[in-house]
Amino acid sequence: MISRYGIFCKVIETGSFTKTADIIGYSQSAVSQTIKSLEQELSTTLVNRGKDGITLTRDGEQYFPYLHSIYSAELNLNRKHSEMQGLKNSTIRIGTFITVSRFLLPEPMMEFKKKYPEVKFELQQGSYDSIERGILDGNIDFGFVNPDAVTKLETRPLVRQRLQAVLPKNHPLANEKEVTLAQLAQGPIILPDEGEYNLLLRAFQQEQLTPNIEYKVYDDYSIISMVEQGLGISAFYDILLAKVKPDLEIREIRERPERTLSLAWHNWDTMPLAARKFIDYIGNSIISS
């Protein structure tokens, strides 16, 4: 819908109320009334209405550059709005960790790029606490977290994930159908580094157990390799173990420690449009999968 500033500029461009009305699909009287309304707002006469057409008055000549500038800004705003609906030149900055980057994000990113090909992604690996800091500092648009580990963010749950024990081949606990936290606590444990909030450690604490931790490692694949070499035992989320299928013994943990993998952000209304659209897309794709 064209504004009165746009109508005014069109009238000056065409030199005619009638021609302008034909171009914008208004009646001639509606165009005339729009110009009169603008003149009343500015307390002056902007155009001469004569047999030879419409021309600017002296005051109109003074006002025209400013009114045209407003109209140009409106056009640029409309163009930018259209671009944003198509998410041109947008970068979505996501705080994530290895299992999400490798197993949950690639397919949604690929499908989202088909719809919005000019969108770019920036993935920042970290722990729950570093992801929270990045979001609060404005360096990350949103991130994947355990909602129990963050306090200052809005969260949206995605999926429940449970920890499973991973053991070397021929480990004594491999003879069990499932293992207990008390058995795992004997170690030696290779602890996945989740930052300040660690689900496995919390599970041990709830059972009042002191685990025998010999290694603390951030990279999941390094831990898998270490377990395969017999350096210790560990526990991973079921999503990783279902995808990787390592040459290890995998057992359920009787106490069933779980997390709710969630999306987190600071302020939905001020988050970039591209990030908001991708959050909705992620939620729909994971729920339907």
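Whatever comes next refers back to the structure up there.
Please read all numbers here as calculations on a predicted model, not as lab measurements.

1. Re the overall build of the protein chain
When you go through the protein chain residue by residue, the secondary structure sums to 12 helices and 12 strands. The C-alpha atoms of the protein chain give 31 Å as radius of gyration, which overshoots the globular expectation for 289 residues (19 Å, by more than 25%). Dimensions of the protein chain, computed from C-alpha atoms along their principal axes, come out at roughly 105 × 30 × 25 Å. Going through the 289 residues of the protein chain one by one, you find that 46% of them count as buried. Summarising the internal contacts of the protein chain: among those between residues at least 6 apart in sequence, 70% fall at separations of at least 24. Working note: accessible area of the protein chain is about 15,500 Å², and carbon and sulfur atoms make up 47% of it. Averaging the positions of the 33 positive and the 37 negative side-chain charges in the protein chain gives two centres separated by 6 Å.

2. What to know about the packing of aromatic side chains
For the coordinates displayed, the defined rule picks out 10 aromatic pairs. Geometrically, the ring pair formed by phenylalanine 97 and tyrosine 128 is edge-to-face, given 5.8 Å between the ring centres and 85 degrees between the ring planes. Taken together, the residues phenylalanine 97 in the loop between β3 (91–96) and α5 (98–104) and tyrosine 128 in helix α7 (residues 128–137) connect sequence positions 31 residues apart. Residue class for phenylalanine 97 comes out buried when judged on its relative accessible area of 9%. Grouped by ring-pair contacts, the aromatic residues Phe112, Tyr116, Phe121, Phe142, Phe144, Phe278 and Tyr281 constitute a single cluster. Taking NZ or CZ as reference, arginine 259 lies 3.6 Å from the ring centre of tyrosine 237, over its face.

3. Focus on the pattern of salt bridges
Per the counting criterion, the structure on display carries 16 salt bridges. Salt-bridge contacts for arginine 156 lead to aspartate 280; the nearest nitrogen and oxygen are separated by 3.0 Å. With arginine 156 in strand β6 (residues 154–167) and aspartate 280 in helix α12 (residues 273–288), this residue pair connects regions lying 124 residues apart in the sequence. Relative accessible area serves as the criterion here: at 27%, arginine 156 is assigned to the partly exposed category. Linking aspartate 247 and lysine 169 is a salt bridge whose minimum nitrogen-to-oxygen distance equals 3.7 Å. Of the two residues, aspartate 247 is situated in the loop between α11 (238–244) and β11 (249–253) and lysine 169 in the loop between β6 and β7 (178–179); the sequence distance between them amounts to 78 residues. Look at lysine 169 and you get partly exposed, because its relative accessible area is 42%. A single salt-bridge network, built from bridges that share partners, covers Lys169, Asp247, Glu249 and Arg251.

4. Details of helix α9 (residues 199–206)
Among all positions of α9, only Leu199, Leu200, Ala203 and Phe204 are buried. Buried residues along α9 cover an arc of 140 degrees about the axis, so they all sit on one side. Seen from the open side of α9, the exposed residues pointing more than 90 degrees away from its buried face are Gln205 and Gln206. On its buried face, α9 is in contact with β6, α8 (181–185), β8 (189–192), β10 (234–237) and β12 (258–265). Of the residues flanking the start of α9, the one acting as N-cap is asparagine 198, its side-chain oxygen 3.1 Å from the backbone nitrogen of leucine 200. Of the residues flanking the end of α9, it is glutamine 208, one or two places downstream, whose phi is positive at about 55 degrees.

5. Remarks on the pairing of strand β5 (residues 142–145)
Here β5 shows two buried faces, one formed by Phe142 and Phe144 and the other by Gly143 and Val145. Across two bridges, the pairing between β3 and β5 is parallel. Bridge pairing in β5 links isoleucine 94 to phenylalanine 142. One ladder, built from three bridges, connects β5 with β12; its direction is antiparallel. Of the residues in β12, the one forming a bridge with glycine 143 is alanine 264.

6. Observations concerning the nonpolar core
Formed by 66 residues in total, the largest nonpolar core has its most connected members in Ile92, Phe142, Phe144, Leu184 and Phe278. By residue number, the principal contributor to this core is α12, which donates six residues. Counting residues in each nonpolar core, the second largest holds 15 residues, with Cys9, Val11, Ala21 and Leu38 among its members.

Calculation rules
- Residues numbered from 1 in each chain as written.
- Predicted model: local features only at pLDDT ≥ 70, side-chain atom pairs only at ≥ 80, totals over all residues.
- Heavy atoms only, no water.
- Helix = DSSP H or I, 4+ residues; strand = E, 2+ residues; numbered from the N terminus.
- Rg over C-alpha atoms; globule rule 2.2 N^0.38 Å.
- Buried < 20%, exposed > 50% of the residue type's maximum accessible area, 1.4 Å probe, protein only.
- Contact = heavy atoms within 4.5 Å.
- Areas by Shrake-Rupley, 256 points an atom, 1.4 Å probe, with all protein chains shown as cover.
- Lys, Arg positive; Asp, Glu negative; His and termini not counted.
- Charge placed at Lys NZ, Arg CZ, Asp CG, Glu CD.
- Phe/Tyr/Trp six-rings, centres within 6.5 Å; stacked < 30°, edge-to-face > 60°.
- Lys NZ or Arg CZ within 6 Å of the ring centre and 35° of its normal.
- Salt bridge = Lys/Arg side-chain N within 4 Å of Asp/Glu carboxyl O.
- Arc of directions from axis to C-beta.
- Polar contact = N/O pair within 3.5 Å; in protein donor to acceptor, adjacent residues only side chain to side chain.
- Pairing = 2+ DSSP bridges.
- Core = buried A, V, L, I, M, F, W, Y, C linked by side-chain atoms within 4.5 Å.

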